[in-house]
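# Understanding the architecture of this molecule
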Amino acid sequence: MRKPIIAIDGPVGSGKTTVARGVAARLGYTHIDSGAMYRAVAWETLRRGIDAGDEAAVTRIAREMTLRFERDAEGRQRLFVDGEDASDAIRTPEVSRVASIVSAYPGVREAMVAQQRALGAEGGVVMEGRDIGTVVFPDAEVKIYLDASPEERARRRTEELRQRGVAAAFEEVLRDLRERDERDRQRAHSPLRPAPDAVRIDTTHLTVEQVIDRIVALARERGA
């Protein structure tokens with residue numbers, strides 16, 4: 001029998017990546033960060049000096065690029081873009097800004113969804129993003145929608161950037177976060193929204209372990 005697919009969706013700063021990584025480790029599943037894939041498209045767009053507003057050129061990049069996830073010696077997930085490790089390079093504020101733009105293009109999303117479905121086809125994966133339970137795997141056995149207050153999400157994002165040595169002002173991060181939320185929710189193709197059958201979890205006042213415990217318990221009820 002195929003192992004279950006666990007789909008975790010939610011806006012930036014809701015804790016998706018940390019939680020998905022913890023759930024995957026607890027269950028022995030593969031963690032796939034779909035957002036990193038859109039960041040990879042943005043990174044390659046910037047690296048080639050292509051205007052992010054050129055939909056045709058950006059879509060061509062998404063269709064041509066090869067993405068591969070691997071774990072390093074310390075168990076951390078690394079993303080390789082056409083054979084090059086871009087794991088750290090895709091985490092800058094500029095890449096985040098461009099990713100929000102290019103991820104709205106239907107052609108880009110179609111290219112990424114095709115790769116995401118191939119990566120998760122055999123099950124036993126925890127995939128996180130913004131449309132996993134609604135578009136990529138609408139039949140996933142476990143669907144989760146994480147959220148938190150904008151202020152708490154901005155605080156987390158600011159701290160994350162500072163830990164990487166990136167100067168970040170809370171007010172600027174909060175403004176960018178609200179703008180990204182609006183773009184993600186209003187885009188015509190694959191908007192950010194919870195699947196009708198998703199379990200919604202507000203992480204504002206929960207620890208990471210509490211959220212992981214809740215999801216793992218649900219996954220085990222459903223065959224994980």
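Let me begin by describing the structure that accompanies this report. (Residues numbered from 1 in each chain as written. Predicted model: local features only at pLDDT ≥ 70, side-chain atom pairs only at ≥ 80, totals over all residues. Heavy atoms only, no water.)

On to the overall build of the protein. When helices and strands are counted, the protein shows nine helices and eight strands. The globule rule puts the C-alpha radius of gyration for 224 residues at 17 Å, and the 16 Å found for the protein is close to it. When the backbone C-alpha atoms are referred to their principal axes, the protein occupies close to 50 × 40 × 40 Å. For the protein, long-range pairs separated by at least 24 residues make up 72% of all intrachain contacts whose partners lie at least 6 apart in sequence. For the protein, the accessible surface area stands at approximately 10600 Å², while carbon and sulfur atoms represent 48% of it. (Helix = DSSP H or I, 4+ residues; strand = E, 2+ residues; numbered from the N terminus. Rg over C-alpha atoms; globule rule 2.2 N^0.38 Å. Contact = heavy atoms within 4.5 Å. Areas by Shrake-Rupley, 256 points an atom, 1.4 Å probe, with all protein chains shown as cover.)

Its place among the elements puts Thr-203 in the loop between strand 8 (199-202) and helix 9 (208-221). Discounting residues that sit within four places of it in the chain, Thr-203 has contacts with Ser-14, Leu-146, Asp-147, Ala-148, Arg-156 and Val-211.

An order of 3-4-5 is seen for the three strands of this open sheet, with the pairing classed as antiparallel. Of all strands in the sheet, those bounded by a partner on one side alone are strand 3 (67-71) and strand 5 (84-85). The sheet contact formed by strand 3 and strand 4 (residues 77-81) spans five bridges and is antiparallel. Pairing of Glu-70 across the sheet is with Arg-78, part of strand 4. Where helix 2 (residues 34-47) meets the sheet, its contacts fall on strand 3, strand 4 and strand 5, and the angle it forms with strand 4 comes to roughly 40 degrees. (Pairing = 2+ DSSP bridges. Axes fitted to C-alpha atoms, helices over the stretch in contact; angles between N-to-C directions.)

A word on the packing of helix 7 (residues 150-163) against helix 8 (residues 170-186). Interhelical geometry of helix 7 versus helix 8 gives an angle of 120 degrees and a closest axis separation of 9 Å. Relative to helix 8, the element helix 7 lies oblique. In the crossing of helix 7 with helix 8, the sense of the turn from one axis to the other is right-handed. Every residue of helix 8 that contacts helix 7 at Pro-150, Glu-151, Arg-153, Ala-154, Arg-155, Arg-157, Thr-158, Leu-161 and Arg-162 is listed here: Phe-170, Val-173, Leu-174, Leu-177, Arg-178 and Asp-181. Along the lines of polarity and charge, the residues of the contact of helix 7 with helix 8 split into seven nonpolar, one polar and seven charged. (Parallel < 35°, antiparallel > 145°, perpendicular 65-115°, else oblique. Left-handed = near helix turned anticlockwise from the far one by under 90°. Nonpolar A, V, L, I, M, F, W, Y, C, P; charged D, E, K, R; others polar.)

This part is about the packing of aromatic side chains. Overall, the coordinates contain zero aromatic pairs when judged by the stated rule. Over the ring of Phe-80 we find Arg-68, and its NZ or CZ is 4.6 Å from the ring centre. (Phe/Tyr/Trp six-rings, centres within 6.5 Å; stacked < 30°, edge-to-face > 60°. Lys NZ or Arg CZ within 6 Å of the ring centre and 35° of its normal.)

The next point concerns the packing of helix 2 against helix 5 (residues 106-120). Between helix 2 and helix 5, whose axes approach to 11 Å, the crossing angle comes to 140 degrees. Here helix 5 runs oblique to helix 2, going by the angle between their axes. For the element pair helix 2 and helix 5, the recorded crossing hand is right-handed. Only Val-108, Arg-109, Met-112, Val-113, Gln-115, Gln-116 and Leu-119 of helix 5 make contact with helix 2, whose side of the interface consists of Ser-34, Met-37, Tyr-38 and Val-41. Here the contact of helix 2 with helix 5 is built from residues that sort into seven nonpolar, three polar and one charged.

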